[in-house]
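Chains, contacts and geometry: an overview
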Amino acid sequence: MTADEFIVSKTDATGRLTYCNRIFIDYAGYSEHELLGHQHNIVRHPDMPRSVFHLLWTTLKSGNEFFGYVKNMSKDGSYYWVIANVTPSYADADADDAIVGYFSVRRKPDPAKVRIIETIYRDMLSAEKQAGSHDAIAAGTKVLMDIVNKTGKDYREFILSI
Ligand SMILES: Cc1cc2nc3c(=O)[nH]c(=O)nc-3n(C[C@H](O)[C@H](O)[C@H](O)COP(=O)(O)O)c2cc1C
């Protein structure tokens, strides 16, 4: 991935893909036909903590934009890291309206920053596994927020300052 490439996708309100740009399709390694109409988790990598996606969805559903580092998996099993911005889309310009879908633009992250995130995600994932399915989200979120809170920043400021 080169620094000037933008990986773009759009989903409906349930997270089903409605648009992918050429770069998204190339990285994912699926045909456009295999992607459109399917859930965005088609590119989910098993190394990603569930609590990151929980934070993504709670942020979006409250009407806010989400920033995060995401490790994605291509059809052939290889992976690629992105720094993603995800936003809700509204039917109308005035944002009191219902969310009709979501929009995401991603870029290649700095490898040094990925190394920091990799360590955090590894600890989150292991806390999730240890806690068991029922308590996984709470356990993973606690690991992340303990790190974030120590910096005195909120999650968004923390992510953007790494
Ligand atoms: C616009 C948008 C973009 C998303 N981009 C990704 C992505 O690049 N990789 C990913 O694994 N999940 C992405 N997600 C989150 C997925 O919808 C899904 O929540 C996640 O893959 C975890 O899968 P699960 O919800 O089935 O556990 C995105 C969601 C939205 C709404």
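Here is a short report on the structure shown in this document. For clarity, every value in this text was computed on a predicted model and none was experimentally measured. (Residues numbered from 1 in each chain as written. Predicted model: local features only at pLDDT ≥ 70, side-chain atom pairs only at ≥ 80, totals over all residues.)

Here's the deal with the overall build of the chain
When helices and strands are counted, the chain shows six helices and five strands. Shown N-terminal to C-terminal, the secondary structure of the chain runs as helices and strands in the order β-β-α-α-α-β-β-β-α-α-α. A globule of 162 residues ought to have a C-alpha radius of gyration of about 15 Å, and the chain, at 16 Å, matches this closely. The buried share of the chain, taken over its 162 residues, is 25%. Residue pairs at least 24 apart in sequence account for 49% of intrachain contacts in the chain once pairs closer than 6 positions are excluded. (Helix = DSSP H or I, 4+ residues; strand = E, 2+ residues; numbered from the N terminus. Rg over C-alpha atoms; globule rule 2.2 N^0.38 Å. Buried ≥ 20, exposed ≤ 12 C-beta atoms within 10 Å, placed from the backbone. Contact = placed C-beta atoms within 7 Å.)

Description of the site of the ligand
Around the ligand, a shell composed of 17 residues is seen, among which His-40, Asn-41, Arg-44, Tyr-102 and Ser-104 lie nearest. Looking at the shell around the ligand, the elements with two or more residues in it are strand E1 (7–12), helix H3 (50–61), strand E3 (66–73), strand E4 (79–90) and strand E5 (99–107). Sorting elements by how many residues they give to the shell around the ligand places E5 first, with three residues. Across the shell around the ligand, the residue classes tally to nine nonpolar, seven polar and one charged. (Near = placed C-beta within 6 Å. Nonpolar A, V, L, I, M, F, W, Y, C, P; charged D, E, K, R; others polar.)

Examining the nonpolar core
Counting 24 residues, the largest nonpolar core has Phe-24, Ala-28, Leu-35, Val-82, Met-124 and Val-143 as its most contacted members. Those elements that place two or more of their residues in this core are strand E2 (17–20), helix H1 (22–28), E3, E4, helix H4 (111–131) and helix H5 (136–150). When sequence neighbours within four positions are dropped, the list of residues in contact with Leu-35 reads Leu-17, Cys-20, Ile-25, Ala-28, Tyr-30 and Ile-42. (Core = buried A, V, L, I, M, F, W, Y, C linked by C-beta atoms within 7 Å.)

Describing the pairing of E4
Regular strands place side chains that alternate from one sheet face to the opposite one. Here eight bridges tie E3 to E4, and the two strands are oriented antiparallel to one another. From the neighbouring strand, Phe-67 faces E4, where its bridge partner is Asn-85. Linking two consecutive strands that pair antiparallel, namely E3 and E4, is a turn of five residues; a positive phi of about 95° is found at Gly-77 within it. Two elements, E4 and E5, share eight bridges in a ladder whose sense is antiparallel. In the strand pairing of E5, Ser-89 is matched with Gly-101. (Pairing = 2+ DSSP bridges.)

Side note on the sheet that holds E5
Read from one edge of the open sheet, five strands run E2-E1-E5-E4-E3, paired in antiparallel fashion. Whereas interior strands pair on both sides, the edge strands pair on one side only; in this sheet they are E2 and E3. Pairs of neighbouring strands in the sheet enclose a mean axial angle of 30°, with direction left out of account. Looking at chain direction, E1 and E2 are connected through three bridges and run antiparallel. From the neighbouring strand, Ser-9 faces E2, where its bridge partner is Cys-20. Contacting E3, E4 and E5, H3 runs over the sheet at an angle of about 140° to E3. (Axes fitted to C-alpha atoms, helices over the stretch in contact; angles between N-to-C directions.)

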